[in-house]
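Residue-level structural notes
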Amino acid sequence: MAAKVPQWQNYLQVIKAREGQRVECFQKAENILLIVLERVSVMDPRFIVDYSRNLEALEFALCATEDEVTMEVPLCMDADALLIQECSSDQSDSEKITHGNSQMPASCFLGIPKEGSQLEKWTKEDVFSMVDSTELSGHIVPGKILQLLKDLIVAAIVYCRRQFLIKPGELSAERLQEDAMQLPLLISSGWKMICFNIVPVVRRKQNALKFNNNWQERGFPQGSLWKVTQEADYIPASYFHWRYSTNRPILRLLQIMSTLKGYCLDSLRILDRVNHEYWREEGKNKGLTFHHLRMVLLWATHFFASPEDWGNLEGSVYRLLVILLCCLANNHLPHFLYPEQNLFQGEGADLHSLYPKVESFANNPKYFLKFHFSGAEYKTHHQIDNGFKALLHLPAEDKAYWDTAFFDMLLNKMYEITDSQRVSAMSNILSKTKKMVTNQS
């Protein structure tokens, strides 16, 4: 008799079985897009075709159903020669600034110095705005670049269709009329339409992300964070302003994770599927997204940095769950690279209603893991009690609780932790918590 496949493993196998098909779909659609972008680059060499798309393919394969991909188009320039001018609060308030899931808070201008730069191609009226300044000749305007890129894409599509480089029905530009800081193109993968959100990007070596002295690199090979943050990417935030994007560093960290042993990425796969099937409300765009969950995974990798933490699939999922429950309870998910930024900001009520759904999964995962064809024995988990819920709010009251020992303490209610040093740290933080509760009472 064939060996029975445990429920968690069976559910994961079904999810991973689709990934090959999703990568194939991505590559077919990507080939069509590259034909268009190559024509854009021929018409205006200031726009570069970037053929290294492994990061986007990885994210598309991992994500359950969010069939949208951010496709960056680098600008051909000596970006380190630009002058970065951070916007004042008045300047930022003068127009709507788009804040996505992956940027530092401050928006900025990208200025061209009056002397010493070789940026003449970027001082043309179609992308440039003059300013009265002793240092600058003017600013590169993201709104103008977006409009120019949109016009070039439309012209490239017309050319490619006339030359029979793309077939009827393979590409739709109807969403280009949307007023946004990205240019959406719907492209057929042979099976379904994929939305590629095209974004112009300025890449610099200077002003790359620097970590403070208190930051400890844990859970990744030594030097990984330094490696993935050696370039600074700037993308449009509004018509006049740019913003720092961390999308590429985050994807590169996921790529590094794919090379590690254990179930790190598999735990993300499972929660993303459960989120799509059970937690997200149909017809609503807001709510918990893949981008939120990948940030939860990065924090879980940081707090549970030992390889042994990820040797069990079910235990790996619960490591993400304790952090996710804590973030939902406080309506606060810190950005991994910019912890002062809350990725739940503005999501409010939609995310608050998610807490009981996630808690229900933690209490009874068997109900949610529908792909189950074996008679594997089910292990009942401890129900989450009121005391556990109260603990989840502590990191919002005291940042010292945003720490491995605290999450170990929560996880230990469901899975026994045997490492002596970590048990000792748990005991210390538990004693601190009991004293705090006693003093408050």
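In this text the structure is predicted, and so the values were computed from the model without any measurement.

**Considerations on the nonpolar core**
Core analysis: the biggest nonpolar cluster contains 127 residues, and Ile-153, Trp-279, Ile-323, Phe-361 and Phe-407 have the highest contact counts within it. At 13 residues, the largest contribution of residues to this core is made by helix α10 (residues 313-330). Excluding residues that lie within four positions of it along the chain, Trp-279 makes contacts with Leu-271, Val-274, Leu-288, Leu-321, Leu-324, Leu-354, Lys-357, Val-358, Phe-361 and Phe-368.

**Quick look at the environment of Ala-300**
With respect to the helices, strands and loops of the structure, Ala-300 is situated in helix α9 (residues 290-303). Look at Ala-300 and you get buried, because its relative accessible area is 0%. For Ala-300 and Tyr-318, which are 18 residues apart along the polypeptide, the C-alpha to C-alpha distance reads 9.8 Å. With residues up to four places along the chain from it excluded, the contact list for Ala-300 reads Trp-310, Arg-319, Leu-320 and Ile-323.

**Comments concerning the pattern of salt bridges**
Applying the stated rule across the entire model yields 17 salt bridges. Here Asp-266 makes a salt bridge to Lys-16, at a shortest N to O gap of 3.7 Å. Of this pair, Asp-266 sits in helix α8 (residues 264-279) while Lys-16 sits in helix α1 (residues 7-17), placing them 250 residues apart in sequence. According to the relative accessible area criterion, Asp-266 is buried, its value standing at 8%.

**A look at the environment of Cys-87**
By secondary structure assignment, the location of Cys-87 is in the loop between β2 (83-86) and α4 (89-93). Take Cys-87: its relative accessible area is 10%, and that puts it in the buried class. Sequence spacing of Cys-87 and Trp-242 is 155 residues, and the spatial spacing of their C-alpha atoms is 9.5 Å.

**Thoughts on unusual backbone geometry**
For Phe-164, which is not a glycine, the phi torsion comes out positive at approximately 60 degrees. The topology assignment puts Phe-164 in the loop between α5 (142-162) and β6 (171-172).

**Concerning the packing of aromatic side chains**
The full count for this structure, using the stated rule, is 19 aromatic pairs. Centroid distance Tyr-239 to Phe-240: 4.9 Å. Interplanar angle 75 degrees. Geometry classified as edge-to-face. Looking at Tyr-239, the relative accessible area reads 37%, which means it is partly exposed. On the accessibility criterion, Phe-240 (40% relative accessible area) is partly exposed. Judged by centre distance (5.0 Å) and plane angle (85 degrees), the rings of Tyr-278 and Phe-368 are edge-to-face. Taken together, the residues span a long stretch of sequence, with Tyr-278 in helix α8 and Phe-368 in the loop between α12 (355-363) and α13 (386-392) at a distance of 90 residues. On the basis of relative accessibility, which here comes to 27%, the residue Tyr-278 falls in the partly exposed class. Relative accessible area serves as the criterion here: at 7%, Phe-368 is assigned to the buried category. Through a chain of ring-to-ring contacts, the aromatic side chains of Trp-8, Tyr-278, Trp-279, Tyr-318, Phe-361, Tyr-367 and Phe-368 assemble into a single cluster. In this structure, Arg-46 packs its charged tip against the face of Trp-122, placed 5.4 Å from the ring centre. In this structure, Arg-319 packs its charged tip against the face of Phe-304, placed 5.4 Å from the ring centre.

Cut-offs applied
- Residues numbered from 1 in each chain as written.
- Predicted model: local features only at pLDDT ≥ 70, side-chain atom pairs only at ≥ 80, totals over all residues.
- Heavy atoms only, no water.
- Core = buried A, V, L, I, M, F, W, Y, C linked by side-chain atoms within 4.5 Å.
- Buried < 20%, exposed > 50% of the residue type's maximum accessible area, 1.4 Å probe, protein only.
- Helix = DSSP H or I, 4+ residues; strand = E, 2+ residues; numbered from the N terminus.
- Contact = heavy atoms within 4.5 Å.
- Salt bridge = Lys/Arg side-chain N within 4 Å of Asp/Glu carboxyl O.
- Phe/Tyr/Trp six-rings, centres within 6.5 Å; stacked < 30°, edge-to-face > 60°.
- Lys NZ or Arg CZ within 6 Å of the ring centre and 35° of its normal.

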